[in-house]
Amino acid sequence: MQSEQIAFPFRARKPKRSNHPSTDLIGQSYIDGHATITVVCICLNNDKRVMVERDLDGRSWSMPAWLMRLIFLETKGKRAA
């Protein structure tokens, strides 16, 4: 018996890329006092807002994405003297 490779006439689907400009924020976190604030997902109602969660008590709320970017720039710029 001869074995042959079967060629399908279609290409495998690639995962869809999200068009949201805030997807790069998901998973980023910063420390505020004793709590760590983490960006969990993009807000379903408004693409310009992200959902954040505090690990201390599990509370979550939405914030503007531009404000989170500003916070991450501030925390990245801080260094110990």
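Check the entry above for the structure.
The present account deals with the structure reproduced in this document. (Residues numbered from 1 in each chain as written. Predicted model: local features only at pLDDT ≥ 70, side-chain atom pairs only at ≥ 80, totals over all residues. Heavy atoms only, no water.)

1. Some details on the pattern of salt bridges
Move 1: The final tally for this structure, using the stated rule, is 2 salt bridges.
Move 2: Residue D24 is joined to R69 by a salt bridge in which the shortest nitrogen-to-oxygen separation is 3.0 Å. Of this pair, D24 sits in the segment before β1 (29-32) while R69 sits in helix α1 (residues 65-77), and the two are 45 residues apart along the sequence.
Move 3: Overall, the relative accessible area of 30% leaves R69 in the partly exposed class.
Move 4: Across the pair D57 and R54 runs a salt bridge, and its minimum N-O distance is 3.0 Å. (Salt bridge = Lys/Arg side-chain N within 4 Å of Asp/Glu carboxyl O. Helix = DSSP H or I, 4+ residues; strand = E, 2+ residues; numbered from the N terminus. Buried < 20%, exposed > 50% of the residue type's maximum accessible area, 1.4 Å probe, protein only.)

2. Remarks on the sheet that holds β1
Move 1: Pairing is antiparallel across the open sheet formed by 4 strands, whose spatial order is β1-β2-β3-β4. The sheet is open, and its two borders are formed by β1 and β4 (60-64), each paired with just one other strand. Going from strand to strand, the sheet's axes swing by 35° on average, the running direction of each strand aside.
Move 2: Bridge count for β1 against strand β2 (residues 35-42) is 4 bridges, and the pairing is antiparallel. The residue of β2 that forms the bridge with Y30 is I37. (Pairing = 2+ DSSP bridges. Axes fitted to C-alpha atoms, helices over the stretch in contact; angles between N-to-C directions.)

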